[in-house]
Amino acid sequence: MHTGPALGHSYNPGFCHQPATILAVQSPSTAAALALIAEDMQEVDKVIATRLQSSVPLVGQVARYIISAGGKRLRPALLLLVSGALGYQGAQRFKLAAVVEFIHTATLLHDDVVDESTLRRGRATANENFGNPASVLVGDFLYSRAFQMMVDTGNMRVMQVLADATNVIAEGEVQQLMNTHDASLDEAGYLEVIRSKTAKLFEASARLAALLAGSHADIEQACADYGQALGTAFQVIDDVLDYDGDAGEMGKNLGDDLREGKVTLPLIIAMQRGNPEQQQLLRRVIETGSTDELPNVVAIIRETGALDATRQAAATQAQLAIDAARKLPANSYAEGLLQLAAQLLERRT
Ligand code: GRG
């Protein structure tokens with residue numbers, strides 16, 4: 001039985017960027033958990049480097065540009081921690097951890113093109129640097145390389161989970177596109193999108209580890225639940241940071257969501273709680289995507305308590321993740337999963 005964290009404890013601030021390596025956190029407890037998988041992460045980096053090879057130089061150039069740019073490697077870390085918690089030591093975990101990082105990177109390449117983003121992880125996006133065609137096509141390369149690697153495992157369930165996850169991710173993005181500039185979007189519609197576009201890959205990462213470990217169905221489900229709740233909390237905090245973060249620390253522009261017409265939870269809650277005048281302003285900026293009034297929007301979001309309420313929604317998801325992780329065998333890896341869920345709420349990047 002775990003006695004690990006429940007929310008409300010104080011943890012040090014969140015992830016910081018490290019070049020091409022494991023996510024690093026400042027909380028001693030989380031750092032200790034991540035130290036458990038530090039060597040595994042080096043193996044994953046080796047697989048990534050090997051499987052990025054292509055006879056077409058531009059593929060390696062663009063792929064390395066984004067993959068080595070200091071991402072947190074959160075999805076591989078999740079897969080490795082769950083593998084550890086379930087006692088799976090086989091080499092397939094390195095391959096699948098690389099697969100989920102490749103899929104994640106492919107989605108980032110495509111997403112930055114769709115969103116016309118210019119800044120990610122503190123530097124020019126690949127589309128800004130190499131152009132849209134190179135970004136889309138190298139995204140396709142990474143995505144299809146991931147599928148070659150997963151077929152190598154010869155495990156039909158693994159293939160099913162990844163095929164389903166990538167399909168749901170793409171569907172979530174299309175749904176998000178349909179929801180843009182829609183001032184009537186509610187929390188349920190928002191949650192549906194983020195479960196698909198972000199949480200699904202976290203869910204798949206955790207579930208894959210359970211499959212590799214040959215876990216019983218209820219443990220596999222607990223892992224999937226953990227991944228889904230963790231991924232949902234992660235995206236909700238991401239959406240808070242778009243209004244409340246430090247652009248320098250985050251390495252991307254604030255107010256991007258508003259500019260792109262993305263209606264996220266802080267805006268949804270502010271719309272619900274605002275007075276008629278505030279509602280009218282918010283409706284106008286959502287429908288036009290104008291950021292001229294960003295300071296007023298941020299002021300309304302703060303005044304209505306929407307940021308706190310959004311953080312509370314993330315905390316609810318993090319607690320669900322903790323509840324799910326407590327169903328796993330109690331060991332240092334499972335403890336790491338508990339710490340990760342609690343720590344996530346403090347992330348600044
Ligand atoms: C290629 C399968 C496929 C689908 C294309 C564009 C698209 C469909 C999906 C995009 C989904 C997406 C980008 C969701 C956002 C997820 C998110 C919050 C990413 C940021 O993750 P971090 O912070 O990134 O882990 P780092 O920089 O740490 O790697």
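That block above? That's the structure.
Reading the values: rules and limits
Residues numbered from 1 in each chain as written. Predicted model: local features only at pLDDT ≥ 70, side-chain atom pairs only at ≥ 80, totals over all residues. Heavy atoms only, no water. Helix = DSSP H or I, 4+ residues; strand = E, 2+ residues; numbered from the N terminus. Buried < 20%, exposed > 50% of the residue type's maximum accessible area, 1.4 Å probe, protein only. Areas by Shrake-Rupley, 256 points an atom, 1.4 Å probe, with all protein chains shown as cover. Near = heavy atom within 4 Å. Polar contact = N/O pair within 3.5 Å; in protein donor to acceptor, adjacent residues only side chain to side chain. Core = buried A, V, L, I, M, F, W, Y, C linked by side-chain atoms within 4.5 Å. Arc of directions from axis to C-beta. Contact = heavy atoms within 4.5 Å. Axes fitted to C-alpha atoms, helices over the stretch in contact; angles between N-to-C directions. Left-handed = near helix turned anticlockwise from the far one by under 90°. Nonpolar A, V, L, I, M, F, W, Y, C, P; charged D, E, K, R; others polar. Phe/Tyr/Trp six-rings, centres within 6.5 Å; stacked < 30°, edge-to-face > 60°. Lys NZ or Arg CZ within 6 Å of the ring centre and 35° of its normal.

S.K.: Outline the overall build of the protein chain, listing residues and values.
M.R.: Scanning the protein chain for helices and strands turns up 17 helices and two strands. The principal-axis extent of the C-alpha atoms belonging to the protein chain is close to 60 × 50 × 35 Å. Out of the 349 residues belonging to the protein chain, those deemed buried represent 57%. Surface accessibility of the protein chain: about 14,100 Å² in total, with carbon and sulfur atoms responsible for 51%.

S.K.: A description of the site of the ligand should follow, citing residues and the corresponding values.
M.R.: Within the structure, the ligand sits among 17 residues, and Lys 72, Arg 75, His 104, Arg 121 and Glu 173 are positioned closest to it. Contacts to the ligand include Lys 72, whose side-chain N or O atom sits 2.5 Å from an oxygen atom. In this structure, Arg 121 approaches the ligand through a side-chain N or O atom, which is 2.5 Å from an oxygen atom. When the ligand sits alone it has 750 Å² of accessible area, and the protein chains cover 91% of it.

S.K.: Lay out the nonpolar core in plain terms, naming residues and giving numbers.
M.R.: One finds Leu 142, Leu 162, Leu 208, Tyr 226, Leu 328 and Leu 337 to be the most contacted residues of the largest nonpolar core, which totals 76 residues. Per-element tally for this core: the top contributor is helix H5 (residues 92-114), with eleven residues. Counting 35 residues, the second-largest nonpolar core is a separate cluster that includes Tyr 243, Leu 307, Ala 313 and Ala 318.

S.K.: Explain unusual backbone geometry residue by residue, including any values.
M.R.: Even without glycine at this site, Glu 116 takes up a positive phi of about 55°. Locating Glu 116 in the fold gives a position in the loop between H5 and strand E1 (119-120). Taking the relative accessible area as the measure of exposure, Glu 116 reaches 67% and is therefore exposed.

S.K.: Help me get a handle on helix H15 (residues 294-303), residues and values and all.
M.R.: Turning to H15, its buried residues are Leu 294, Val 297, Val 298, Ile 300 and Ile 301. For H15, the buried positions fall inside an angular range of 160° around the axis, keeping them on one side. Opposite its buried face, H15 presents the exposed residues Pro 295 and Glu 303, each directed more than 90 degrees away. Elements in contact with the buried residues of H15: helix H10 (217-244), helix H12 (256-259), helix H13 (265-273), helix H14 (276-288) and helix H16 (306-325). Downstream of H15 by a residue or two, Gly 305 has a phi angle that is positive, lying close to 75°.

S.K.: For the side chain of His 104, give the residues involved together with the corresponding values.
M.R.: Within the secondary structure, His 104 is located in helix H5. A relative accessible area of 11% places His 104 in the buried class. Non-local contacts of His 104, meaning those with residues more than four positions away in its chain, are made with Arg 75, Arg 121 and Leu 201.

S.K.: Go over the environment of Ala 233, please, and point to the residues and values.
M.R.: Within the secondary structure layout, Ala 233 lies in helix H10. Using a relative accessible area of 0% as the deciding quantity, one classes Ala 233 as buried. When sequence neighbours within four positions are dropped, the list of residues in contact with Ala 233 reads Ala 314, Gln 317, Ala 318 and Leu 344.

S.K.: Explain the packing of helix H2 (residues 38-51) against H5 to me, and be specific about the residues and the numbers.
M.R.: It is the contact of H2 with H5, at a shortest axis distance of 8 Å, that shows an interaxial angle of 65°. Crossing handedness for the pair H2 and H5: right-handed. Two secondary-structure elements touch here, H2 through Asp 40, Glu 43, Val 44, Val 47, Ile 48 and Arg 51 and H5 through Arg 93, Phe 94, Lys 95, Ala 97, Ala 98, Glu 101 and Phe 102. Residue composition of the contact of H2 with H5, grouped by class: seven nonpolar, no polar and six charged.

S.K.: If you had to explain the packing of aromatic side chains to someone new, which residues and values would you point to?
M.R.: With the rule as written, the count across this model stands at three aromatic pairs. With a centroid separation of 5.3 Å and 45° between ring planes, the pair formed by Phe 202 and Phe 234 is classed as tilted. Of this pair, Phe 202 sits in helix H9 (residues 187-212) while Phe 234 sits in helix H10; the two residues are 32 residues apart in sequence, bridging distant segments of the chain. The residues Phe 202 and Phe 234 share a single accessibility class, namely buried. Lying over the aromatic face of Tyr 65, Arg 123 brings its terminal NZ or CZ to 3.9 Å of the ring centre. Above the face of the Phe 234 ring, Arg 347 is positioned so that its terminal group lies 3.9 Å from the ring centre.

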